[in-house]
Amino acid sequence: MIWHIFKKDVELLWPLALSVAILQALCGALTLFLGYFDHPAQLAGLTRNLPLLVYLGIGLVGIAVVHQEPPSSVRADWLVRPISRRDLVLSKILFMVLMVNAPIMLIDVAQQLALHFTLPVSIGVAASRSLGLMVVFSLPALVLGAVTRSLIDALVFGLASAIAFVLLVAAAFTVLSPGQLAVHMTWIGYACAGLVMTLGGAATLAFQYSTRRTLLARCMVLAAVLAAVSAFLGLPRESLIAIQGRMWGHSTDSEITLRFDPSGQSAVTEPGSPGLYSSPYVTAETKAAAAAEYQQGREEIEQIRLPLRLSGTHANDILFADGVGVRIVAMSGAVLYQGWGACFRLSNGVGVGCSANTLEIWAAPHVNSDIRTEQRLKLPLAVYGRIKTQPVRLEITYHLTRFARQPSQAIGAMDSVRPLREMGSCATRIDNDGDEVELWCLTNVGVPSCAALFLEDPQTNTRNPELHLCNPNYAPFHRSGIEDAVGRSRLTIPFRDPSGLAQYPVGSAAIARARIVLAAYDPVEHFHRTLVIPNIQLMQ
């Protein structure tokens, strides 16, 4: 009976399913046409939201296929026919898998093969994206169709649920402190939310088809959405680190040690990062708002500067702190403060901005002695003012990851095209201002967590200062979204200062023969350390 119902739905709805496949094919063809540099920009801007039509189409197909035999209706003819409700719901799921998600997966594979990505990786990426689309769009569409009687009913209920979802997320960001979450571990929150949505959707479908109690089924939908939001935003940083640590396993034989260095001088612990993976579509208003939030945080947060001495590092490695937890205890044993950073209310009164404690150390190519660095601990200004003159016990817990440098690879700075390991298929050009080299890459697996690069003149063996980037992503999958199987990354490397104040060894005269030398960093070790200072006054 499952196959019989499936074939009937195919005969009725194949044009709608074909439309979704055509839209997805247009998205893939557009990526190929726009090329590495997303050009022409006018066409890229006009078609930026084309994937949204694919998502809308998936939702409409899911609702339509369920409404062929709506379980919430009291007049449907299937109610008086000997049709198993289990067979009915399974046939609808089969339709979405074979007629919607499978064609999208095949189109994704073809798109990646057209860019000369390997077949095994292409199939894996397409399958993972298809699974994500099933969880995020196909299953919710089936559920929405099951708890409504018509397309208008589905749109009204879906719109009301979407508004409630937005308000719920806004309230969560206002009351909670999601900025404290480890960004490089947010995949855990997404995975938990997806799991909750899948279980909730499956339970709602089973309940509705077996009992046809629509009102209660709708309540189950809203409860599943609430649980998914809570799973995503409600996981504390400690839980994220604990889950990630269990997946990796903590290293017990690391030789790296951290200790307080009272005689140390102030140091710079974080490298500058003028070259970044970025979107070329970030507006000036967005950047200004981010800068204003950063400045407000500096005014409401006190930074305690602790000189540290680091030993046991490997040459060319990166030591990155996934979390820096602080516990300040009075001499009497009372806990005065505990946290991973400091938060503040935004100037508009809506939302909470947070600044986490960080530590990022790039070891030199030759490490022959200890590394002096500095830890900047961030405390709320009110807390600092209350305890700054007291002698306290300071306990700092570090959750650390060591990144190892991979072999370097090079690409010409001007009009070169070649594949780069962990980067994808890449191309270079000089930007419109003539002061930066742009490195654009088309990739199906995302960019590496950390990278170092510089411009080099192979004729004179001169090189510009090395640029650093570190934005760790510990997910077992490196894809950043489900909008397309192939994404773009952009990185800029300056070689000329328009003001004339800075002079680069590899400048405009040598840029035609220059090359970009790039090295990726991969995580190889995860461990934790605890630093205890038994007696200290913070204002010192």
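In this report, we go over the structure that sits alongside the text. For clarity, every value in this text was computed on a predicted model and none was experimentally measured.

1. Let's talk about the pairing of strand β9 (residues 391-405)
So, step 1. Among the 15 residues that make up β9, 11 are buried, leaving the element largely enclosed by the rest of the structure.
So, step 2. Both strand β3 (residues 318-330) and β9 contribute to a ladder of 12 bridges, which runs antiparallel. Note on β9: the bridge partner recorded for A330 is V392.
So, step 3. Bridge count for β9 against strand β18 (residues 515-537) is 14 bridges, and the pairing is antiparallel. When the bridges of β18 are listed, R405 appears paired with Y521.

2. Some remarks on unusual backbone geometry
So, step 1. H39 connects to P40 through a cis peptide bond whose omega is 5°.
So, step 2. For D38, which is not a glycine, the phi torsion comes out positive at approximately 55°.
So, step 3. Of note, N316 is a non-glycine position whose phi angle comes to about 70°, a positive value.
So, step 4. Among the structural elements, N316 can be located in the loop between β2 (301-311) and β3.
So, step 5. Under the relative-accessibility criterion, N316 is labelled partly exposed at 22%.

3. Looking at the environment of L115
So, step 1. On the secondary structure map, L115 appears in the loop between α4 (85-114) and α5 (119-146).
So, step 2. For the pair L115 and T443, spaced 328 residues apart in sequence, the C-alpha to C-alpha distance is 9.2 Å.
So, step 3. Not counting residues up to four positions away in its chain, the partners in contact with L115 are L32, L442 and V486.

4. Here we look at the sheet that holds strand β17 (residues 487-494)
So, step 1. Pairing within the open sheet is antiparallel, and its four strands lie in the order β11-β12-β13-β17. Edge positions in the open sheet fall to β11 (417-420) and β17, since each of these has one partner strand only. For this sheet the average axis-to-axis angle between neighbouring strands, irrespective of direction, equals 30°.
So, step 2. Of the strand pairs in this sheet, β11 and strand β12 (residues 424-430) are connected by four bridges, and their pairing is antiparallel. Bridge pairing links P419 to S425 in β12.

5. Details of the packing of aromatic side chains
So, step 1. Enumeration over the complete set of coordinates arrives at seven aromatic pairs.
So, step 2. Plain terms: the ring middles of F403 and Y474 are 6.3 Å apart, the flat faces sit at 25° to each other, and that makes the pair stacked. In this pair, F403 sits in strand β9 while Y474 sits in the loop between β16 (467-470) and β17, placing the two residues 71 residues apart along the sequence. Neither F403 nor Y474 differs from the other in exposure class; each is buried.
So, step 3. Put simply, the rings of W3, F6 and F95 touch in pairs and so form one group of aromatic residues.
So, step 4. When the ring centre of F157 is taken as origin, the NZ or CZ atom of R218, which lies over that ring, is 5.0 Å away.

6. Regarding the sheet that holds β2
So, step 1. Spatial strand order, β1-β2-β8: three strands in an open sheet with antiparallel pairing. Looking at which strands have only one partner, the edges of the open sheet turn out to be β1 (257-260) and β8 (371-380). Put simply, the sheet's adjacent strands are angled 40° from each other on average, direction ignored.
So, step 2. Relative to β2, β1 runs antiparallel, the two being bridged by four bridges. Residue pairing for β2: F260 is matched across the bridge by L308.

7. Some thoughts on the packing of helix α1 (residues 2-34) against α4
So, step 1. Contact pair α1 / α4: the axes reach a minimum separation of 9 Å and the direction vectors enclose 25°. Accordingly, the angle class assigned to the pair α1 and α4 is roughly parallel. Crossing handedness for the pair α1 and α4: right-handed.
So, step 2. Split into classes, the residues belonging to the contact of α1 with α4 amount to 22 nonpolar, five polar and five charged.

8. Notes on the pattern of salt bridges
So, step 1. Under the defined criterion, the tally for this structure stands at 24 salt bridges.
So, step 2. Here E525 and R402 are joined by a salt bridge, their closest N and O atoms 2.8 Å apart. In this pair, E525 is assigned in strand β18 and R402 in strand β9, connecting sequence segments 123 residues apart.
So, step 3. Accessibility expressed as a relative area gives 12% for E525, which makes it buried.
So, step 4. A relative accessible area of 14% means that R402 is categorised as buried.

9. Quick word on the nonpolar core
So, step 1. One finds F95, M96 and L205 to be the most contacted residues of the largest nonpolar core, which totals 41 residues.
So, step 2. For this core, the secondary-structure elements that each account for two or more residues are α1, α3 (50-66), α4, α5, α6 (151-175), α7 (186-211) and α8 (214-233).
So, step 3. Take this core: its biggest share by element is nine residues, from α1.
So, step 4. Formed by 31 residues, the second largest nonpolar core is a distinct cluster that contains L308, L310, V326 and I371.

Quick notes on the rules
- Note that residues are indexed from 1 along each chain, following the sequence as it is written.
- Since the coordinates come from a predicted model, pLDDT governs what is reported: local features require at least 70, and pairs of side-chain atoms require 80 or more to be given and counted, while whole-chain, interface and lining totals use all residues.
- Processing note: side-chain calculations cover all non-hydrogen atoms of the structure and skip hydrogens and water entirely.
- Burial status follows relative accessibility: with a 1.4 Å probe on protein chains alone, a residue under 20% of its type maximum counts as buried, one over 50% as exposed, and anything between as partly exposed.
- Strands here mean DSSP runs of E at least two residues long; helices mean DSSP runs of H or I at least four residues long; both are numbered from the N terminus.
- When DSSP finds at least two bridges between two strands, those strands are taken to pair.
- The criterion used for residue contact is that any of the two residues' heavy atoms lie within 4.5 Å.
- Every axis in this analysis is a line fitted to C-alpha atoms, fitted for helices over the stretch in contact. Angles between the N-to-C directions lie between 0 and 180 degrees.
- For this analysis, a ring pair means two rings from Phe, Tyr or Trp (six-membered ring only for Trp) whose centres lie within 6.5 Å, classed as stacked if their planes differ by under 30 degrees, edge-to-face if by over 60, and tilted for the remaining angles.
- Here, a charge over a ring is recorded when the distance from Lys NZ or Arg CZ to the ring centre is within 6 Å and its angle to the ring normal is within 35 degrees.
- Any angle from 65 to 115 degrees is called roughly perpendicular, while one under 35 is roughly parallel, one over 145 is roughly antiparallel, and all others are oblique.
- Each crossing gets its hand from how the near helix is turned against the far one by less than a right angle, where anticlockwise is left-handed and clockwise is right-handed.
- When residue character is reported, Ala, Val, Leu, Ile, Met, Phe, Trp, Tyr, Cys and Pro are called nonpolar, Asp, Glu, Lys and Arg charged, and the others, Gly included, polar.
- The salt bridge definition used is simple: a Lys or Arg side-chain nitrogen within 4 Å of an Asp or Glu carboxyl oxygen.
- Each nonpolar core is a collection of buried residues, namely Ala, Val, Leu, Ile, Met, Phe, Trp, Tyr and Cys, held together in the definition by side-chain atoms within 4.5 Å.

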